[in-house]
Structure formats: C-alpha cells, structure tokens
Amino acid sequence: SQQGEEDPQALSIQEGENATMNCSYKTSINNLQWYRQNSGRGLVHLILIRSNEREKHSGRLRVTLDTSKKSSSLLITASRAADTASYFCATGTHASGGSYIPTFGRGTSLIVHP
Amino acid sequence: DGGITQSPKYLFRKEGQNVTLSCEQNLNHDAMYWYRQDPGQGLRLIYYSQIVNDFQKGDIAEGYSVSREKKESFPLTVTSAQKNPTAFYLCASSINVRLANQPQHFGDGTRLSIL
C-alpha cells in the first residue's frame, strides 16, 4: 500500500514564525489530506486537497499539491504555542473492490515555543 | 455533539488474556476503522467495516478480531495471539468507505499496555 512520508520528522520554531512541513508519496492519488494530533489524543482532520487542485487555504493553513512531483506541503502561518502537535498526511486511491482507505505517514512533530 | 467515543482510555492486559476495546459513534457513518499507532510510526490499519455484519482485514489483522453488529459500534478484541499488543489504538469513522473525498473522524484512542 502506498504511504505518504512527512518531512521533517521534527520541527521546532518560535511563536509567530511560519511552519512548513512536506509530504511525499509514491503513486497517483485521488486526494491528499492533512490531520493534526495533539499528544495522547485522536487525529483531527484539517484540510483535504483533491488531485486536480493545486492550492487550498483554511484560516492560517495553506496546503499545496504538486502531482508531478508527488508532493504536498502544509504551511501554518503566524504559529502559536497551541499549534504544537503532530501533523500527518494521508493519501489513497480506490482499491480493486472500490474501497478507499487512506494510508498515513509517520508525521511531523511540531513544537512552537512561546 | 456527534462524535466517536472510545473506552477505556487506558487498558492493561495480562499474558494470555483477550481484551476488548470499545468504539461507539453517533455520526450515522457507515464506515468504521481500527488503527494501531506505535511511537515514531504512522497509523496502521487493523480492520475496517463498510456496513453492519461486514468487515475486512487491514494490513496488520493477525491477532485481532472485530464485530459489527450495530451501525454505531465496532469493538476490537486484542487476542492472546497478538504477541506485541502494547500500542495506542485509534477508532475512526467516515460516511462511506467508497467515497474518496471524505475525511475520517477519530476517537481519542485507547492506550493498551502489558502487565
């Protein structure tokens, strides 16, 4: 099964700075999703970008998708201490039986220092 | 509020014991999933279910079993055959497993440890 891989594994920044994390994947996809996970909690869906979209915004989040390079980036602008969390990308396509099961990367651990 | 409830939050298993993790959703979603998360690794799919009384193995189903007797409930049993069960277990749901452009909704997980 294909899997997105996030880069960097860990990122440490100061409050107010921008945080950029990247996701690379191996085969063609229907869409790419970004999720956030606070320590000891479940994942929370942030944004979904379809394969025919190149950029999407949601509040302080900006996601880009480059299908020719099989990569996506998540930019968090003007970061806050509350943005401290792990961020995962999830990619997938339909399996032969018609099911769509996204697969998750290992995540980027973001620490924002106040 | 609609959501997914996992219980218990912490669970301890003795050698040779089966334990069952609960997952309940009130989102009226057809599809439900179980993932395992180990430190430094991504989520790995254990089982998923499209509808009641139907479920499919994921990438790491060995040593686990599930049931889907009700739309709202998808319990996971970690059997004694699972030799390394210590992990964080996450349950998720989505509207329909065949719809690609739909997010998954997650519970807050159960942390299972060996005594």
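Our subject is the structure listed above.
Residues numbered from 1 in each chain as written. Chains lettered and ligands numbered in written order. Predicted model: local features only at pLDDT ≥ 70, side-chain atom pairs only at ≥ 80, totals over all residues. Heavy atoms only, no water.

Draft legend 1. Focus on unusual backbone geometry. Residue and element names in this part refer to chain A. Between Asp7 and Pro8 the backbone carries a cis peptide bond, its omega angle lying at 0°. Mapped onto the elements, Pro8 comes out in the loop between strand S1 (5-7) and strand S2 (10-14). A positive phi angle, close to 50°, is found at Lys70, a residue other than glycine. The class of Lys70 is partly exposed, set by a relative accessible area of 29%. A positive phi is found at Ala78, a non-glycine position, where the angle reads about 45°. (Helix = DSSP H or I, 4+ residues; strand = E, 2+ residues; numbered from the N terminus. Buried < 20%, exposed > 50% of the residue type's maximum accessible area, 1.4 Å probe, protein only.)

Draft legend 2. Spotlight on the side chain of A:Ser79. All names here are of chain A. Considering the arrangement of structural elements, one finds Ser79 in the loop between strand S8 (71-76) and strand S9 (85-92). Exposure remark for Ser79: the relative accessible area of 2% places this residue in the buried category. Ser79 has contacts with Ile13, Gln14, Glu15, Gly16, Glu17, Arg60 and Val112, leaving out every residue within four places of it along the chain. (Contact = heavy atoms within 4.5 Å.)

Draft legend 3. Here's a closer look at the interface of chain B and chain A. Across the contact, 26 residues belong to chain B and 24 residues belong to chain A. Between chain B and chain A, a total of about 1,900 Å² is buried, with carbon and sulfur atoms accounting for 50% of that surface. The largest per-residue losses of area from chain B upon contact with chain A belong to B:Arg98, B:Ala100 and B:Asn101, which jointly make up 25% of the total buried on that side. Seen at the junction of chain B and chain A, the total is one salt bridge. Notably, a salt bridge pairs A:Arg41 with B:Asp108, separated by 2.9 Å at the nearest N-O pair. Broken down by secondary-structure element, the contributors of at least two residues to the side of chain B that touches chain A are strand S4 (31-37), strand S5 (43-49) and strand S9 (87-94) of chain B. Here the residues of the side of chain B that touches chain A are counted per class, giving 12 nonpolar, nine polar and five charged. (Buried area = accessible area lost by both parts, 1.4 Å probe. Salt bridge = Lys/Arg side-chain N within 4 Å of Asp/Glu carboxyl O. Nonpolar A, V, L, I, M, F, W, Y, C, P; charged D, E, K, R; others polar.)

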